Amino acid sequence: MSRGRSDGAQKKRLIASICTVAIVLGFLYVYNGSIFGFQNSGSSALNYGSKSLKRLGASYLGADDDSDGKQDESSSSVKQGDVEDDIVPKSYPVCDDRHSELIPCLDRHLIYQMRLKLDLSLMEHYERHCPPSERRFNCLIPPPPGYKVPIKWPHSRDEVWKANIPHTHLANEKSDQNWMVVKGEKIVFPGGGTHFHKGADKYIAAIANMLNFSDNNLNNEGNLRTVLDVGCGVASFGAYLLSSDIIAMSLAPNDVHQNQIQFALERGIPAYLGVLGTKRLPYPSRSFELAHCSRCRIDWIQRDGILLLELDRLLRPGGYFAYSSPEAYAQDEEDLRIWREMSALVERMCWRIAAKRDQTVIWQKPLTNDCYMEREPGTRPPLCQSDDDPDAVWGVNMETCITPYSEHDHRAKGSELAPWPARLTSPPPRLADLGFSSNMFEKDTELWQRRVENYWNLLSPKVSSNTVRNVMDMKANMGSFGAALRGKDVWVMNVVPHDGPNTLKIVYDRGLIGSTHDWCEAYSTYPRTYDLLHAWTVFSDLEKKDCSAEDLLIEMDRMLRPTGFIIIRDKQSVVDFVKKYLTALHWEAVATADSSSDSSDQHGNEVVFIIQKKLWLTAESFKETE
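In what follows, the accompanying structure is described. (Residues numbered from 1 in each chain as written. Predicted model: local features only at pLDDT ≥ 70, side-chain atom pairs only at ≥ 80, totals over all residues. Heavy atoms only, no water.)

What follows is about the overall build of the protein. Scanning the protein for helices and strands turns up 19 helices and 19 strands. Across the 626 residues of the protein, 56% fall into the buried class. Put simply, 72% of the contacts in the protein that link residues at least 6 apart link residues at least 24 apart. Here the protein has roughly 27100 Å² of accessible surface; of this, 50% comes from carbon and sulfur atoms. (Helix = DSSP H or I, 4+ residues; strand = E, 2+ residues; numbered from the N terminus. Buried < 20%, exposed > 50% of the residue type's maximum accessible area, 1.4 Å probe, protein only. Contact = heavy atoms within 4.5 Å. Areas by Shrake-Rupley, 256 points an atom, 1.4 Å probe, with all protein chains shown as cover.)

Here it is in structure tokens:
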């Protein structure tokens, strides 16, 4: 008997030991699997879980915990990369707080980690370098601690919440130039700049006066509409142009001047992250009537003037380059040397001085090819080869050559565009480049006018006159969606896919702005910078490519402000696919309608699905907000 009892106890101890080892191994498996899963996705993330996030978001918004609704289990034909159609996450991990301002394709940490060999002197480290799929952050970008719904336009032009962009470096560095001032919980923008301490409005009027424009109005009776502001700072120049019916693409890199473009977009001013480095900017030729540089710290004479030649490509016939910099007026030896070299370069480019006063010089581009043809043989920079497409921009290197006008443009002696605002709805001459007729253009304009009216009817319970300011049309075609919004106090970033018809030139000819992009990659903007995203057949287009629709959903969430909206116009299977991810993304369905509701789709095969992003906060951010 005693032997039997001893054996039984031994067996019990053995079973207990095996169970303990199994529990420990199970814990290690789950723990390591969790960690390595995040590492494999390229993410350093903290998984807060769906219940935690729903609770935090609901308590801040005053929403019911069940308002997320149930996930749609229907299958979808939309590609999801390596994810099976029937595997849908109930929640996404949340990126670490240090990633609250992540721009995936402009992430300098990625450059260091991948040991990319880039030429810093050519600004290659500020150009786009996107992570491979295994290094992507498959997690949701959290708002910074204390984040608040942004101040509404037009008040946002002059002030933003400091918590939303907690960077005050520029306020100290530029304190004598009136860029920005910290006042309590807000950052205030007095409208100053490096060369316009007394205000951008006075500076703009001075430029108009130099050009002898009537009433010192830079829009020149509607003939000057689109502007490129290079090295824009916090975009006060572009902000004060808006009251003159001028729209500027404010451009700056993600550099040591912390978050310039983030400030611009938070203010509700059109802006884009980019740099004059080695690649062409993502805009077609002859897009802007004026380029502007106010102490933008760009070496314009480097590499045989390649950066000035990029501006030349972008300027319309007769377009201007306004340059405010010490070289234009200083008398020390180095500034005089730069001025002599730059003057000689632009003269060979056939630019002429339109005006020069104090610290500003304004050059003008020729209207025709006459000057180019009269240059001495062998003059540099040369004319571009006839097979060079000046509108090919996505990943295309800049060229050290002058883009001459076509025979038609040479004879026209100008862009032939109607003054603003008539040009918004007038068929532009470059329609013929794409084989489009004036009738097609007019019908497209009318079609989107009806569609946008229907969108606003569907949104009406949720929006008021100032709810939406920054809008992105993710597949703009000819820009008719943006044109239909002219009566709203909004601006539109019209995005044209790089591998489709090059309609962005039509967008710019209408007096609107936009950029070329590939939606298999992240967009060049900070998180939380758009109030409304419009995706017309964008997901259907992804079906033809080897990239992930789920990645695009995460990217859209990154770009969208909390409480912002998404309008998806696509086939039913796409809408079914997106519905499966609403809970995981903390999005809420607002409205669904078939296209027959706006009498715009004869075939009735498109569905309109409107979504709102909830405001959710991490535990740390939620505590600070309380």
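Following the structure, the description resumes.
The next subject is the sheet that holds strand β14 (residues 491-497). Taken together, the seven strands give an open sheet; going across it, the order is β15-β14-β13-β16-β17-β19-β18, and neighbouring strands pair in mixed fashion. For this open sheet the edge positions go to β15 (513-517) and β18 (587-594), each flanked by a neighbour on one side alone. Neighbouring strand axes in the sheet, compared pairwise and without regard to direction, differ in orientation by 20° on average. Here strand β13 (residues 470-473) runs beside strand β16 (residues 530-536); their pairing, made up of three bridges, is parallel. Bridging from a neighbouring strand, D473 pairs with H534 of β16. Running at roughly 130° to strand β17 (residues 560-570), helix α12 (residues 438-459) makes contact with β16, β17, β18 and β19 (607-613) of the sheet. Helix-sheet contacts for helix α17 (residues 572-579) involve β17, β18 and β19, and the interaxial angle to β19 is about 20°. (Pairing = 2+ DSSP bridges. Axes fitted to C-alpha atoms, helices over the stretch in contact; angles between N-to-C directions.)

Our next topic: the state of the cysteines. Applying the stated criterion to the full structure yields six disulfides. Here C384 engages in a disulfide with C401; their sulfurs sit 2.0 Å apart. Taking the torsion about the sulfur-sulfur bond, which here is approximately 90°, the covalent link between C384 and C401 counts as right-handed. One end of the pair, C384, is in the loop between α10 (370-374) and α11 (407-412); the other, C401, is in the loop between α10 and α11, with 17 residues separating them in the sequence. C401 matches C384 in its accessibility class, with the two residues each being buried. (Disulfide = S-S within 2.5 Å.)

In this section: the pattern of salt bridges. Summed over the entire model, instances satisfying the criterion amount to 29 salt bridges. As a salt-bridge pair, E289 and R423 come within 3.0 Å of each other at their nearest N and O atoms. Highlighted residues: E289 in strand β9 (residues 288-294) and R423 in the loop between α11 and α12, separated in sequence by 134 residues. An identical accessibility class is assigned to E289 and R423; each is buried. Taken together, the salt bridges that share partners define one network made up of E289, R316, R423, R430 and D509. (Salt bridge = Lys/Arg side-chain N within 4 Å of Asp/Glu carboxyl O.)

This brings us to the pairing of β19. With seven of its seven residues buried, β19 lies for the most part within the structure. Burial of the side chains of β19 extends over both faces: V607, F609, I611 and K613 are buried on one face and V608, I610 and Q612 on the other. Pairing of β17 with β19 involves six bridges; the strand directions are antiparallel. Residue pairing for β19: F565 is matched across the bridge by Q612. As defined by bridge partners, β18 adjoins β19 across seven bridges and the pair is classed as antiparallel. Residue E588 lies in a different strand from β19, and its bridge partner there is Q612.

With mixed pairing, the seven strands of this open sheet are ordered in space as β8-β7-β6-β9-β10-β12-β11. The open sheet is flanked by β8 (271-273) and β11 (352-357), the only strands paired with a single partner. With strand direction ignored, the average angle separating the axes of adjacent strands in the sheet is 20°. Two strands pair when backbone bridges link them, and β11 and strand β12 (residues 360-364) are joined in this way by five bridges, in the antiparallel orientation. Looking across to β12, one finds that R357 is bridged to T360. Contacts between helix α9 (residues 333-348) and the sheet are confined to β10 (315-324), β11 and β12, with β12 contributing the most and set at about 20° to the helix.

Further remarks concern the nonpolar core. Of all hydrophobic cores here, the largest spans 126 residues; its most connected members are L218, L228, Y283, W300, L308 and F321. Once residues lying within four places of it in the same chain are set aside, the contact partners of L308 are W300, F321, M342, L345, V346, M349 and W351. Within the second largest apolar cluster, 20 residues are counted, among which are W456, A484, V490 and F565. (Core = buried A, V, L, I, M, F, W, Y, C linked by side-chain atoms within 4.5 Å.)

Below, the discussion takes up the packing of aromatic side chains. All chains considered together, the criterion is met by 20 aromatic pairs. Aromatic rings pair up to connect Y272, Y283, F288, Y508, W519 and Y523 into one cluster. One Lys or Arg, K148, reaches over the ring of W161 and ends 4.0 Å from the middle of that ring. Its end group placed over the ring of W339, K356 keeps NZ or CZ at 5.1 Å from the ring centre. (Phe/Tyr/Trp six-rings, centres within 6.5 Å; stacked < 30°, edge-to-face > 60°. Lys NZ or Arg CZ within 6 Å of the ring centre and 35° of its normal.)

This part covers helix α7 (residues 260-267). Where burial is concerned, most of α7 is hidden: eight out of the eight residues are buried. One or two residues past the end of α7 sits G268, with phi positive at roughly 90°.

Summarising burial for α17: six of the eight residues are buried, a large majority. Turning to α17, its buried residues number three or more, namely S573, V574, V575, D576, F577 and V578. Residues of α17 that are buried make contact with α15 (538-542), α16 (549-559), β17, α18 (582-585), β18 and β19.

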